[in-house]
Amino acid sequence: MSEINVQLKDGAPVTVPDSATVAEALKKLDRDLAKQALAAKVGGREVDLAAQVHHLADNGAAQIEPIKIEPIVPQTRDGLEVLRHSTAHLLAAAVLDLFPGTKLGIGPALLDDPRYGFFYDVITPRTLTEADLPVIEKRMKQIASQNLHYRREEIPKAEALRIFDERQEPLKCELIDEKAGDVVSVYYIDGSPFIDFCLGPHVPNTNKLRAFKLLSLAGAYWKGDASQPQMQRIYGTAFFTQEELDAWLKQREEAEKRDHRRLGRELDLFSIQEDYGQGLIFWHPKGGAIRKEMEDYLRGELLKRGYGLVFTPHIAKRELWFISGHEQNYADSMFSPMEFEEQEFRIKPMNCPFHIGIYKSAQRSYRDLPLRYAELGTVYRAELSGTLHGLTRVRGFTQDDAHIFCTPETIRAEILSCIDFAYDLYDVFGFKDIKVELSVRGADSGKQYLGTDEDWEKAEAALVDALQARQIPFERMEGEAVFYGPKIDIRVGDAIGRMWQLTTVQFDFNFPERFQLEYIGEDNKPHRPLMIHRALFGSMERFFGVLIEHYAGAFPFWLAPVHVAVLPITDRINDYAEEVARDLRASGFRVEANLRSEKIGAKIRDAQLQKVPFMLVLGDREMEQKTVAVRERAQGDIGVMSIAEFKEMARKLVETRALSNR
Ligand SMILES: [Zn+2]
Ligand SMILES: [Zn+2]
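Residue numbers here run from 1 along each chain, matching the order of that chain's written sequence. Starting at A for chains and at 1 for ligands, labels are handed out in the order in which the entities are written. Under the rules for a predicted model, residues below a pLDDT of 70 receive no local features and side-chain atom pairs below 80 are neither given nor counted, while totals for whole chains, interfaces and linings still include all residues. Values reported for side chains reflect all heavy atoms of the structure, with hydrogen atoms and water molecules removed beforehand.

Chemist: Honestly, the pattern of salt bridges in this entry has me stumped. Any pointers?
Modeler: When charged atoms on two side chains of opposite charge get close, those side chains can pair. Any Lys or Arg side-chain nitrogen located within 4 Å of an Asp or Glu carboxyl oxygen qualifies as a salt bridge. According to the stated counting rule, one finds 56 salt bridges in the structure shown. Lys 257 is paired through a salt bridge with Glu 254; the nearest N and O atoms lie 3.1 Å apart. Of this pair, Lys 257 and Glu 254 both sit in helix α8 (residues 242-258), three residues apart, which is roughly one turn of that helix. Under the relative-accessibility criterion, Glu 254 is labelled partly exposed at 25%. A salt bridge links Glu 301 to Lys 304; the shortest N-O distance between them is 3.0 Å. Here Lys 304 and Glu 301 lie together in helix α10 (residues 285-304), a separation of three residues that amounts to about one turn. Only protein chains enter the area calculation, which uses a 1.4 Å probe; residues under 20% of their type maximum are buried, those over 50% are exposed, and those in between are partly exposed. Here Lys 304 falls in the exposed class, since its relative accessible area comes to 67%. Where salt bridges share partners, they join Arg 291, Glu 295, Arg 299 and Glu 541 into one cluster. Put simply, DSSP marks the helices as runs of H or I at least four residues long and the strands as runs of E at least two long, and each gets a number from the N terminus on.

So, in C-alpha cells, the structure goes:
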C-alpha cells in the first residue's frame, strides 16, 4: 500500500497510508487538534474530516511536497461557519421528520448578521407558526443526541436529479440544474430523512451541535423573487458552547428592548413611511424635542468655539459635481439629475462643495484664517433598499457638518479644538467608552494618494500631536486613510457595550486643488489653504438612534421629550392641574397634563411607560396648599414641594444637562 506525507502548517511531516481520511491524518499529526476539529482545509479547500486526503492532492503528479492540512476548529470564523451551516442541515432534517412532504429551499450560515446565525427556507404542508419552533428545536436536539453521521456522496448529475425528483423536491432540482456540474455532491444525515445538494463541509456527526436555538419565522420568496413560490424562512443561531449562546441571547434581549425602531413607535418619536419612501425619516414632535436639544447644544457650542453658522441649498448644477469629482466617483450613490430650463441639477450627497462656495465668494488673506463654517446640512444618498435600517442607515439625513479652512501654522490648534469639542459632546450626552482610530497611508499599497509626502507627514503629525496632547490612546490604522488625506475616527460604546462610529475629523488635500482654493499669505503670494471636514454627531438621525438605544428611551431630564406629566387624582383637580402645567410651560418645561377620567394608577402607569422623568400627582391637599407631590420615574415618590421648589430643581437639571435626576 502506498503512503503519503501530510503536514500541519509549520509542523514536521508525517506519513500516513494512501487511504487515510483527513481525520486519521490529523490524529497522527496532533491528537488534541484532531479531537477539536470540525472540518479541515486541505490544499486551501474546505473539506469534511471523512474525506480521503489523497483524493485532495493534485492528481497523478508525483507527490514531493507534503500535503498541508489545516484543521478548522471551534472559536474561529471558519469553524463557526461550518457549525452554523451544519446546524441548518439539522434544522431541515427535523422539519422533514416532523412535516413529511416539506419542500426545501436553501439554508446558509449567517456570520455577519447580528440577529441570526443561519436559516432554512421551507414550504411545509401546512403553514408554520411561532408555536412550531420549540417543537422543531426539540426534534433537532433529539437528532443531535443520536450522533448521526453527515455523509457526503458524489453522484452523476442525472442521478441526483432523479433522487430529488423522486423525493418531490422541485426547488432542489432547479438548483442542481442551474448550478451543478457533471458530478453532484450530496449530503445525507444518516438515519434521518434528510438529503441535500451541498458542497459542504459539515461537522462529522450531529453531536458536535450542542448549543443552538431557533429564533423566528419570516416570509421569503424562492430566490428572493416575488414572482416565485412563497416560502417560510426559519431563523436560528448556533454557538460552540451553551455559555456563548446564553450570553448572546441575553445581549439580544437587551438590544431588542432597546431597538430604536420599536421605541420610536412606542414613544412616538419618529416614523418611516413606505408611502413617502424608504429611508426617509419623519421626526414627530417628541423626537423633534430631542432634536431641538441636540441642535441647541450644538449651535451654542459652535458659536462659542468660533464657527460661523451657514445655510446652503439642497441642489446644485450638475457641473459642480464634476468639479468636485462626485460625478466621476460617486454617481451611483447620488439621486439622478433633474432638469430645468435646460440645466441639470443634482440633489446634494455632501455639503462640502457648498461651504467651498462661501470660501470662494471673496478673496481670503492669511489674516482671515482659520475660517470655520458649520451647517446642519441635509444630504440625500441613493442607498439600496436592502441596506436601509431604521435611523442608522437612511437615504436622507442631516450631518452636523463643518469645514475648516486654515494655514499650516494653525492646523494643530484646529485639530485640538475638534477633538476637545467631540469629547465635550460625548460627555454631555452620556457616552464614556470612547475608541479612537487614526487612519494613515499604507507603506506599500498600490493606492494612489493625493498630496505631497510633506503634506501627509504634517497632517499626520497634527493629528498625532492633538491626540497626544490630550493623552488620548489611539489605534494607528496603516493604509486605512482615504486617498485624499489622513483622518481620525471616533467610536463610542453604548450602555450594552456596542460600539458606534460617530465622529470623523478628516484632512483633505483634494478639494482645495480641485476648486483652486487660495489665500494671500504674509508674502503677498497666493497659497492653498488646508481643509478639514469634520462631523461630531455624524448624522443627526443616526445619533438619535444611538441615543434612543443607549438610554433605552429613558432620556436624561434635559433631553426628555416630555419633562413632566401632571396627573390630577380626580376630575375636580383638573383646573389646578392645568394651572400647574401652564406655569411650568411658561418657565420653559415640556409638560403634558393627563386630564382624562382615569384612575391615578393608570395615569402613573401610562407616564411610566412613556418614561417621563417626573410625574406631579395632584390631589385636594396639593390643590389647597399649592404644592405638587413629585414622583420620579426610577425612584418613585420623592416628596411634596411647592411649585417654585420643583421648578428650581428642574431648572438645575436642564442648566447642567444632568444625566441623572438625583
Ligand atoms: Zn450543507
Ligand atoms: Zn465635507
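Let us keep going from here.
Chemist: Please explain the coordination of the zinc ion (ligand 2) as it appears in this structure.
Modeler: Ideal values for angles at a metal depend on the geometry: 109.5 degrees with four tetrahedral donors, 90 or 180 degrees with six octahedral donors. Only N, O and S atoms count as donors, using a 2.8 Å limit from the metal and a wider 3.2 Å limit for Na, K and Ca, and since water is excluded some coordination spheres may look unfilled. The protein atoms that coordinate the zinc ion (ligand 2) are Cys 352 (SG), His 403 (NE2) and His 533 (ND1), at distances spanning 1.9 to 2.3 Å. Going along the chain, you hit the donors of the zinc ion (ligand 2) in the pattern C-x50-H-x129-H. In this pair, Cys 352 sits in helix α13 (residues 352-359) while His 533 sits in strand β27 (residues 530-539), placing the two residues 181 residues apart along the sequence. Each member of the pair, Cys 352 together with His 533, is buried.

Chemist: Mind showing me how you'd approach the coordination of the zinc ion (ligand 1) here?
Modeler: Within the first shell, the zinc ion (ligand 1) binds the protein through His 85 (NE2), His 89 (NE2), Cys 198 (SG) and His 202 (NE2), at distances of 1.9 to 2.1 Å. Geometry at the zinc ion (ligand 1) is tetrahedral, judged from its four donor atoms and the angles of 95 to 129° they form at the metal. Going along the chain, you hit the donors of the zinc ion (ligand 1) in the pattern H-x3-H-x108-C-x3-H. In this pair, His 85 is assigned in helix α4 (residues 77-98) and His 202 in the loop between β10 (195-197) and β11 (211-221), connecting sequence segments 117 residues apart. Geometry assignment treats four donors as tetrahedral when all angles are between 85 and 135 degrees, treats four as square planar and six as octahedral when opposite donors are over 155 degrees apart and all others between 65 and 115, and treats everything else as irregular.

Chemist: Before we go on, may I ask you to explain helix α17 (residues 540-551) in this structure?
Modeler: The length a helix should cover is 1.5 Å for every residue beyond the first. Over its 12 residues, α17 extends 16 Å from the first C-alpha to the last, a length consistent with the 16 Å expected when each residue adds 1.5 Å. Those residues of α17 that fall on the buried side of the exposure criterion are Met 540, Glu 541, Phe 543, Phe 544, Gly 545, Val 546, Leu 547, Ile 548, Glu 549, His 550 and Tyr 551. Pairs of N or O atoms within 3.5 Å make up the polar contacts considered here, provided that, within protein, one atom can donate a hydrogen while the other can accept it, and that residues adjacent in sequence are counted only when both atoms are side-chain atoms. Structurally, the start of α17 carries an N-cap: the backbone nitrogen of Glu 541 is 3.3 Å from a side-chain oxygen of Ser 539. Taken from the residues just after α17, Ala 552 is the one with a positive phi, measuring 50°.

Chemist: Please explain the pairing of β27 as it appears in this structure.
Modeler: Within a regular beta strand, the side chains point alternately toward one face of the sheet and then the other, so they alternate between its two faces. Among the 10 residues in β27, 10 count as buried, and that is most of the element. Strand pairing is defined by DSSP finding a minimum of two bridges between the two strands. The pairing of strand β20 (residues 396-406) with β27 spans seven bridges and is antiparallel. Bridge assignment links Ile 404 to a residue of β27, and that residue is Ile 532. Note that strand β24 (residues 499-508) and β27 share five bridges and pair antiparallel. Across the sheet, the residue bridging to Gln 506 is His 533, located in β27.

Chemist: Where do I start with the side chain of Gln 506 in this structure?
Modeler: Looking at the element boundaries, Gln 506 is found in strand β24. Given a relative accessible area of 7%, Gln 506 falls into the buried group. A polar atom in the side chain of Gln 506 sits 3.0 Å from the backbone oxygen of Gly 485. When residues no more than four places from it in sequence are discounted, the contact partners of Gln 506 are Val 482, Tyr 484, Gly 485, Pro 486, Lys 487, Met 531, Ile 532 and His 533. Whether two residues are in contact is decided by their heavy atoms, any of which lying within 4.5 Å being enough.

Chemist: Teacher, can you tell me more about the sheet that holds strand β9 (residues 183-189) here?
Modeler: Note on sheets: strands pair through backbone hydrogen bonds, and any given pair is parallel or antiparallel. On the basis of which strands lie adjacent, the open sheet formed by three strands has the order β8-β9-β10 and antiparallel pairing. Looking at strand neighbours, the two that pair on one side only are β8 (150-156) and β10, the edges of this open sheet. Across the sheet, the mean angle from the axis of one strand to that of its neighbour is 30°, orientation sign disregarded. Bridge count between β8 and β9: seven bridges; the pairing is antiparallel. Residue pairing for β9: Arg 151 is matched across the bridge by Tyr 188. Each of β8, β9 and β10 touches helix α6 (residues 157-166); the most contacted strand, β8, lies at about 120° to it. Each axis is a line fitted through C-alpha atoms, taken for helices only over the stretch in contact, and angles between the N-to-C directions span 0 to 180 degrees.

Chemist: What exactly am I supposed to notice about helix α19 (residues 600-609) here?
Modeler: Note: α-helices contain 3.6 residues per turn, so residues at a spacing of three or four share the same orientation. Among the residues of α19, Lys 603, Ile 604 and Ala 607 are the ones counted as buried. Looking down the long axis of α19, one finds its buried residues gathered within 100° of arc, a one-sided arrangement. Seen from the open side of α19, the exposed residues pointing more than 90 degrees away from its buried face are Arg 605 and Leu 609. For α19, the elements touching its buried residues are β28 (564-568), β30 (614-618) and β31 (627-632). Remark: Lys 611 follows α19 within two positions and exhibits a positive phi of approximately 60°. Directions drawn from the helix axis to the C-beta atoms are what define this arc.

Chemist: Teacher, can you tell me more about the packing of α4 against helix α5 (residues 132-145) here?
Modeler: For any two helices packed against each other, one specifies the inter-axial angle together with the distance between the axes. The interhelical angle for the contact between α4 and α5, taken along N-to-C directions, is 110°, at an axis separation of 9 Å. On the basis of the axis angle, α4 is roughly perpendicular to α5. As α4 runs across α5, the sense of the crossing is right-handed. For the pair formed by α4 and α5, the contact residues are Thr 87, Leu 90, Leu 91, Ala 93, Ala 94, Val 95, Asp 97 and Leu 98 on the first element and Val 135, Ile 136, Arg 139, Met 140, Ile 143 and Ala 144 on the second. For this classification, the nonpolar set comprises Ala, Val, Leu, Ile, Met, Phe, Trp, Tyr, Cys and Pro, the charged set comprises Asp, Glu, Lys and Arg, and every other residue, Gly included, is treated as polar. Residue classes in the contact of α4 with α5 are distributed as 11 nonpolar, one polar and two charged. Any angle that falls under 35 degrees is termed roughly parallel, while one over 145 is termed roughly antiparallel, one within 65 to 115 roughly perpendicular, and all others oblique. By definition, any crossing whose near helix is turned counterclockwise from its far helix by less than a right angle is left-handed, and any crossing with a clockwise turn is right-handed.

Chemist: How should I be thinking about the sheet that holds strand β16 (residues 315-317) in this particular structure?
Modeler: Reading across the sheet, the three strands line up as β16-β18-β17 and stay open at both edges, with antiparallel pairing between neighbours. Where the open sheet ends on each side, the last strands, each with one partner, are β16 and β17 (338-340). On average, each strand axis in the sheet is tilted by 40° relative to the strand beside it, whichever way the strands run. Note: β17 against strand β18 (residues 343-347), three bridges, orientation antiparallel. Paired with Phe 340 across the bridge in β18 is Gln 343.

Chemist: Would you mind going over the pairing of β24 with me for this structure?
Modeler: The buried fraction of β24 amounts to seven of the 10 residues, a majority that puts the element mostly inside the structure. For strand β23 (residues 487-493) and β24, the ladder comprises seven bridges, and the chain directions are antiparallel. Following the sheet pairing, Asp 489 is matched in β24 by Thr 504.

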